[in-house]
Amino acid sequence: MSNRATTDAGSGYRALFEHVSDGLLVFDPETGTVRDANGRFTSMSEFAHDDLVGRHVDDLLSDGWHPEAAMQELVATARDDGTTVEWRLRRRNGEPFWAELSASLADLGGERCVLTTVRDVTERKRRRDELGRFEELVEHVPTGIFRARRDGTFVEANPTMVDLFDADAKVDLLSTPIADVYADADDCRAFFDALAERDVATEKVRLRTLTGDTFWGLVTVCRFESAGGETYLDGAIKDVTETREYQQVLEEQNERLELLNRLVRHDIRNDMQLVQGMADLLDDLSDEGEQPHLETIKTRTEHVIELTDLMGELMDALVSEADDNLEPTNLSFVLDREIREASSSYPDATIRTRGNVPLVEVTANDMLRSVFRNLLNNAVQHHDGDEPTVEVSAEVTDDWVLVQVADDGPGIDPNRRETVFGKGKKGIDSEGTGLGLYLVYTLVDHYGGSVWIEDNEPRGSVFNVRLRLAD
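Please read these numbers as outputs of a predicted model, since none were measured by experiment.

Caption draft 1: Here's a closer look at the sheet that holds strand β18 (residues 461-468). Strand order in the open sheet made by the five strands is β13-β15-β16-β18-β17, with mixed pairing throughout. Two strands lie at the open edges of the sheet, namely β13 (350-353) and β17 (450-455), each paired on one side alone. Mean inter-strand twist for the sheet, computed between neighbouring axes without regard to direction, equals 20°. Sheet topology places strand β16 (residues 400-407) next to β18; seven bridges connect them, and they run antiparallel. Looking at the pairing, alanine 406 lines up with valine 462 of β18. Packed onto the sheet, helix α11 (residues 331-345) meets β13, β15 (389-397) and β16 and runs at close to 165° relative to β13. The strands that helix α12 (residues 368-381) touches are β13, β15, β16 and β18; relative to β18, the one it contacts most, it runs at about 175°.

Right under this line is the structure:
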């Protein structure tokens, strides 16, 4: 309806008034009271028609809106054809809602009025506000965000993106072809080819700033088709140069660790086994005066072999922890095997199970054998008698299984129980390497379990290993 329109107040006006799809209100421009309202607006506001007529605009406005200023704004809008205003109105029950109003000055029945179209835009405004908050997040997020066309040109970029590529201004970045920010043009082509086959692609590539510096970027891009049918590429770039360099350092360290592992396990162990064999041959050829020296050679040789075995297992444990390759592992199978091997290695010791070991699987890996091997060896080697007794038991509780390795040795001072699992910790008289219990703690902790020491009755220690049952 045009400004200052003149409308017949008869039946034609009323029929048109009621059949308009939007809400309609007629205001007195001088007093700000409602003269008329159509059914669409009464449904919107939940006010009855008779309750609306004669009400002041103040009764329709939500709290915080000044009625006089609102009417002045509406009248000004009526004089300026084509403009709209947004008011926060309230329904009869007090619930607020946002409305878009467009007004025209009209003569109805010879009286000047403001004929106002009202549309409920609450949902539209909510979406607009959410979009505004999203855009604010994009502007401040510490990750480069951009939009580009399929032809390889930037359309939009946030401030982080501008800083990431050392651009003096956004316009400088937007005028730069995407291919120019790739350190290798082949990487750019490969990335676009990947997007042609799927909707989302992620890649770690070397990128180039506008000043020529390079960095490693983690790029994620997804295809987006607008309502107009144009395809855009929306993406995010994060500088992962430090992470990449750290990863390379770790890879180099792992290579050195593997080399050391082979050296310890193969070269040193083979040489010491050769020394051990030669010492056994000399055993029959030496006289009594040389026997103590020969026994020392044997003892130290066995110690070095044990050390190389533990070093190898510890390196395996560290690699296993890095790979995180946990899997269901049969507990009774591992325990039975380690008990048999320990009994064979220590014929003077009594090593047995107490009760039945539950037929369950725990969350672990192949290195679980080292946990129990070292606990059994520790129980025998640190015993203060000639015939040690070691008992192994296991019990399931809820989602866990508790394995106990109990000995009848001298026990462990409560003040040392935390430190014995530390790297390189051992008692003054210990013949161990100091790595065995550290390996036990490292593996059990990696499995998500726990290990602790208690007193045994009437003497000795109980090593408790708590492991999670596999799903």
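Caption draft 2: Structural view of α11. Between its first and last C-alpha, α11 extends 21 Å over 15 residues, near the 21 Å set by a 1.5 Å rise per residue. Where the residues of α11 are buried, they touch β12 (327-330), β13, β14 (361-364), α12, β15 and β16.

Caption draft 3: How the structure looks around the sheet that holds strand β8 (residues 154-157). Read from one edge to the other, the open sheet built from five strands follows the order β8-β7-β11-β10-β9, with strand pairing classed as antiparallel. The strands lining the two open edges of the sheet, one partner per strand, are β8 and β9 (200-208). Ignoring which end each strand starts from, the neighbouring axes of this sheet average 25° apart. Here strand β10 (residues 214-225) runs beside strand β11 (residues 231-239); their pairing, made up of nine bridges, is antiparallel.

Caption draft 4: Broad picture of the packing of aromatic side chains. As enumerated under the stated definition, the model contains four aromatic pairs in all. Measuring from centroid to centroid gives 5.7 Å for phenylalanine 146 and phenylalanine 154, while their planes differ by 90°, and the two rings are edge-to-face. By relative accessible area, phenylalanine 146 is classed as buried at 8%. Aromatic pair phenylalanine 165 and phenylalanine 215: ring centres 5.6 Å apart, planes at 65°, arrangement edge-to-face. With phenylalanine 165 in the loop between α6 (159-164) and α7 (170-174) and phenylalanine 215 in strand β10, this residue pair connects regions lying 50 residues apart in the sequence. By relative accessible area, phenylalanine 165 is classed as buried at 0%. Taking relative accessible area as the criterion, phenylalanine 215 reaches 6% and is therefore assigned buried. An aromatic cluster of three or more residues is present, and its members are Phe421, Tyr441 and Phe463. Above the face of the tyrosine 232 ring, arginine 147 is positioned so that its terminal group lies 4.9 Å from the ring centre.

Cut-off values and rules
- Residue numbers here run from 1 along each chain, matching the order of that chain's written sequence.
- Side-chain atom pairs in this predicted model are given and counted only at pLDDT of 80 or more, local residue features only at pLDDT of at least 70, and totals for whole chains, interfaces and linings cover all residues.
- Each side-chain value is worked out from all heavy atoms of the structure, with water and hydrogens disregarded.
- The pairing criterion for strands is at least two bridges between them, as found by DSSP.
- Under the scheme used here, helices are H or I runs from DSSP no shorter than 4 residues and strands are E runs no shorter than 2 residues, and both carry numbers assigned from the N terminus.
- In this analysis, axes come from line fits to C-alpha atoms, helices being fitted only over the stretch in contact, and the angle between any two N-to-C directions falls in the range 0 to 180 degrees.
- Working rule for contacts: check all heavy atoms of both residues, and any pair within 4.5 Å makes them a contact.
- A helix is expected to reach a length of 1.5 Å times the quantity of its residues less one.
- Centres within 6.5 Å make a pair out of two Phe, Tyr or Trp rings, where for Trp the six-membered ring is used; the pair is then stacked when the planes are under 30 degrees apart, edge-to-face when over 60, and tilted otherwise.
- Relative accessibility under 20% of the residue-type maximum defines a buried residue, over 50% an exposed one, and the middle range a partly exposed one, all with a 1.4 Å probe and only protein chains included.
- Criterion for a charge above a ring: Arg CZ or Lys NZ at most 6 Å from the ring centre, at most 35 degrees from the ring normal.

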